[in-house]
Amino acid sequence: RVTVVGAGLNFDVMPEVDLERRRVAAPTVLFIGNDFERKGGLQLLRAFRFVREQVPTARLVVVGTPHPIPPQDGVEVIGRVEGRSAMSRLYEEASVFCLPSFFDPFPLVLMEAMAHRLPCVATSTCGVLEIVLDGETGVMVPRDDAMVTSIAATLTELLLDPARAAHLGDAGRQRVEERFLWSHVIDRMTPILAAMTPQRR
């Protein structure tokens with residue numbers, strides 16, 4: 001009785017990613033989300049302290065949240081960003097995208113990150129498992145007592161291994177192109193709706 005059709009990327013065209021901008025930028029973790037605590041922002045802040053011990057030049061860029069965040073070395077809180085081009089620059093300058101949510105039905109921001117060829121570090125909650133493939137387009141971390149250390153270890157590994165990060169990012173872009181455009185959603189919906197429609201002469 002239920003057919004899962006997913007959702008599509010809200011871009012008119014797929015973004016052209018300036019990989020040179022990413023190559024010359026400082027190692028950067030990008031977080032985008034409004035509900036900072038539900039999306040694991042506090043755990044990410046704690047994990048990032050450990051990341052900085054291994055990667056002293058690392059940055060954590062936090063976008064979109066009104067949640068008050070105390071100053072922390074390497075953390076840049078940008079707030080809300082207007083315009084697709086400004087958001088694309090943030091994606092291009094990032095090395096990895098992190099969204100360690102405790103609950104997140106179907107976060108479209110993961111598809112945006114994958115469209116910009118970013119590897120995703122996320123938690124296996126709700127619809128995230130339908131977007132990110134563990135070990136193929138990103139890395140899943142647990143939602144348990146080891147969450148902070150797992151986030152830290154995974155981010156450190158990807159920041160220190162740009163070749164692996166790029167491989168995951170390329171696979172993520174391919175997955176979006178093959179599955180997460182609105183045309184794909186229409187293709188999945190159409191035969192189901194057609195089968196439910198009474199046939200008339």
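Coordinates for the structure precede this section.
Let me sum up the structure you'll find in this document. (Residues numbered from 1 in each chain as written. Predicted model: local features only at pLDDT ≥ 70, side-chain atom pairs only at ≥ 80, totals over all residues. Heavy atoms only, no water.)

Remark on secondary structure: sheet strands pair via backbone hydrogen bonds, oriented parallel or antiparallel. As summarised here, the arrangement of the six strands in space is 3-2-1-4-5-6, forming an open sheet in which the pairing is parallel. Pairing within the sheet leaves two strands with one partner each, and these edge strands are strand 3 (75-79) and strand 6 (138-141). Taking the axes of each pair of neighbouring strands and ignoring which way they run, one obtains an average angle of 20 degrees across the sheet. Sheet topology places strand 1 (residues 28-32) next to strand 2 (residues 59-63); five bridges connect them, and they run parallel. The residue of strand 2 that forms the bridge with leucine 30 is valine 61. (Pairing = 2+ DSSP bridges. Helix = DSSP H or I, 4+ residues; strand = E, 2+ residues; numbered from the N terminus. Axes fitted to C-alpha atoms, helices over the stretch in contact; angles between N-to-C directions.)

Now for the packing of helix 2 (residues 41-54) against helix 6 (residues 147-160). The interhelical angle for the contact between helix 2 and helix 6, taken along N-to-C directions, is 45 degrees, at an axis separation of 8 Å. Put simply, helix 2 runs oblique to helix 6. At the point where helix 2 passes helix 6, the crossing takes the right-handed sense. Between helix 2, through Gln43, Leu44, Arg46, Ala47, Phe50, Val51 and Gln54, and helix 6, the contact on the second element is made entirely by Met147, Val148, Ile151, Ala152, Leu155, Thr156 and Leu159. By residue class, the composition of the contact of helix 2 with helix 6 is 10 nonpolar, three polar and one charged. (Parallel < 35°, antiparallel > 145°, perpendicular 65-115°, else oblique. Left-handed = near helix turned anticlockwise from the far one by under 90°. Contact = heavy atoms within 4.5 Å. Nonpolar A, V, L, I, M, F, W, Y, C, P; charged D, E, K, R; others polar.)

With that out of the way, let us pick up the packing of helix 4 (residues 108-115) against helix 7 (residues 162-179). Helix 7 packs onto helix 4 with a crossing angle of 115 degrees between their chain directions and a minimal axis gap of 7 Å. With respect to the hand of their crossing, helix 4 and helix 7 are arranged in left-handed fashion. Touching Met111, Met114 and Ala115 of helix 4 are Gly169, Gly172, Arg173, Arg175 and Val176, all from helix 7. Taken together, the residues of the contact of helix 4 with helix 7 sort by class into four nonpolar, two polar and two charged.

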